[in-house]
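Residue-level structural notes
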Amino acid sequence: KDTSFTTPHPILGDVKVRQAIAYCINRPELIKSVYPFLTEAQQQNLLMDTFLPKSHWAAAKDGITTYPFDPEKGKALLKEAGWVDGVNEKTKAPLFLKFTTTNAGFRQTWATVLEQQLKDNCGITISRTHAPGAWWFGDTTGLSRRDFELGAYAWVGQADPGGVSLYSCNQIPLPSNNWEGQNYMGWCNDKASKAIVAANNTLDKKERIKQYAIVQQEFTKDMVSLPLFNRTEAAAANAKLKNFNPNPTETYTYNIEDWELPGKDSIVLGF
């Protein structure tokens, strides 16, 4: 029987190590590396504590474990887990992890900063692989086969969070289920799994908020994934165009039938 996808990772299987990595990452510095043209306040607005933006209707307000940049706390947690100055106290093995993401220039920029941060702040060494998107998001490679240790990718948020395929226990891709599901982290938290199903099985908004809060509380406590930052998106239009109203949960042309350009009866879209 192949247990390689059900046995906890020898390093990342320890929640203290995962939490330490989160404390050792200076996310505002990552944001600054790719959005230097934003003000400090605007950069701060891109920070997330859970898998939902803070302004989302289902974003939890209480009981969330947050991970502000705190390398001393990170090193203390690593020491509790048996790692001192990047070396395992018992085995003398280095704290070395493989990090995979796409080869987009945007990610190469902030990942270079991330690599240096982890090494300088907490003695964690990562080896970066910037793979083609076709491999990272392929049907039989990369994420879908959980072929990574640390990984990073972007996703598009929705007005309705959904989340069953991402966070429930029965959605972990495995050889035994023919790699079905998108719970690439292999996260199985029974409390969160039940809550994400409950949140998607009712139309009662108050109940949904309650259940989503449970998922976010467990998600941040277990630190299975650290939301680095919101991506900014820009949309530009002729200053004379009326009713141009970009919505972050829609394509910018979602209300194109309402657009008006005085004296014109056609619109040219540039991509």
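The present account deals with the structure reproduced in this document. (Residues numbered from 1 in each chain as written. Predicted model: local features only at pLDDT ≥ 70, side-chain atom pairs only at ≥ 80, totals over all residues. Heavy atoms only, no water.)

1. Regarding the overall build of the chain
Within the chain, the secondary structure is distributed over 9 helices and 5 strands. When the helices and strands of the chain are read in sequence order from the N terminus, they spell out α-α-α-α-β-β-β-α-β-α-β-α-α-α. The principal-axis extent of the C-alpha atoms belonging to the chain is close to 75 × 40 × 40 Å. Burial statistics for the chain: of 271 residues in total, 38% are counted as buried. A fraction of 62% describes how many contacts in the chain between residues 6 or more apart in sequence connect residues 24 or more apart. Of the roughly 15700 Å² of accessible surface on the chain, a fraction of 51% belongs to carbon and sulfur atoms. Charge centroids of the chain, computed over 29 positive and 29 negative side chains, lie 3 Å from each other. (Helix = DSSP H or I, 4+ residues; strand = E, 2+ residues; numbered from the N terminus. Buried < 20%, exposed > 50% of the residue type's maximum accessible area, 1.4 Å probe, protein only. Contact = heavy atoms within 4.5 Å. Areas by Shrake-Rupley, 256 points an atom, 1.4 Å probe, with all protein chains shown as cover. Lys, Arg positive; Asp, Glu negative; His and termini not counted. Charge placed at Lys NZ, Arg CZ, Asp CG, Glu CD.)

2. Thoughts on the state of the cysteines
Going through the model one piece at a time under the given rule, you end up with 2 disulfides. Residue Cys-24 pairs covalently with Cys-122 via a disulfide, S to S 1.9 Å. Between Cys-24 and Cys-122 the sulfur-sulfur dihedral comes to about -90 degrees; the bridge is accordingly left-handed. Residue Cys-24 is located in helix α1 (residues 15-24), and its partner Cys-122 is located in helix α5 (residues 105-122); the two are separated by 98 residues in the primary sequence. Both residues of the pair, Cys-24 and Cys-122, belong to the buried class. If one numbers only the bonded cysteines of the chain, in the order they occur, the disulfide pattern is 1-2, 3-4. (Disulfide = S-S within 2.5 Å.)

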